[in-house]
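Architecture at a glance
Below, each chain spelled out in residue letters.
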Amino acid sequence: MATDYDAPRKTEEDLSEDSLQELQARRSDKNSGVVDEDETEAAEGFELPGADLSGEELSVRVLPRQADEFTCSSCFLVHHRSQLAYERNGMPVCSECAA
């Protein structure tokens, strides 16, 4: 922001008048800071634990395990071969469970 150093400076009286005018303007805009939010609309986006989801359908496409993946024998999650820590009794264990 450019500053004009040649402009006359405001006196204390001018500053107090400006601030008084700003306060009066704010008083007239009391409702401008109020947010109108419908509580029911805001609550619709939240799922409660234990809610009945029997009528819901999943829209996720499930892929079978790929050739470069394995199922951990400890956590039963499918991981990429790069996360294989070791095999215990012929069963693969991921690096997260091995830690």
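Reading guide: rules and limits
- Residues numbered from 1 in each chain as written.
- Predicted model: local features only at pLDDT ≥ 70, side-chain atom pairs only at ≥ 80, totals over all residues.
- Heavy atoms only, no water.
- Helix = DSSP H or I, 4+ residues; strand = E, 2+ residues; numbered from the N terminus.
- Buried < 20%, exposed > 50% of the residue type's maximum accessible area, 1.4 Å probe, protein only.
- Contact = heavy atoms within 4.5 Å.
- Areas by Shrake-Rupley, 256 points an atom, 1.4 Å probe, with all protein chains shown as cover.
- Pairing = 2+ DSSP bridges.

The chain appears in an unreviewed UniProt entry as DUF4193 domain-containing protein from Cellulomonas alba.

What to know about the overall build of the chain
Secondary structure assignment for the chain yields three helices and four strands. Counting all 99 residues of the chain, 6% fall into the buried class. Contacts in the chain between residues far apart in sequence, at least 24 positions, make up 4% of those at least 6 positions apart. Summing over all exposed atoms, the chain offers an accessible surface of approximately 9,600 Å²; the carbon and sulfur share of this is 50%.

What to know about the pairing of strand 3 (residues 84-88)
Bridge count for strand 3 against strand 4 (residues 91-94) is four bridges, and the pairing is antiparallel. Opposite Leu84, over in strand 4, you have Cys94 as the bridge partner. Counting the residues in the hairpin turn of strand 3 and strand 4 gives two residues, including Asn89, whose phi is positive at 55°.

A word on the environment of Ser74
Note on placement: Ser74 falls in the loop between strand 1 (69-71) and strand 2 (78-80). Exposure remark for Ser74: the relative accessible area of 40% places this residue in the partly exposed category. Between the alpha carbons of Ser74 and Pro92 there is a distance of 8.4 Å; along the sequence they are 18 residues apart. The residues contacting Ser74, other than those within four sequence positions of it, are Arg88 and Cys97.

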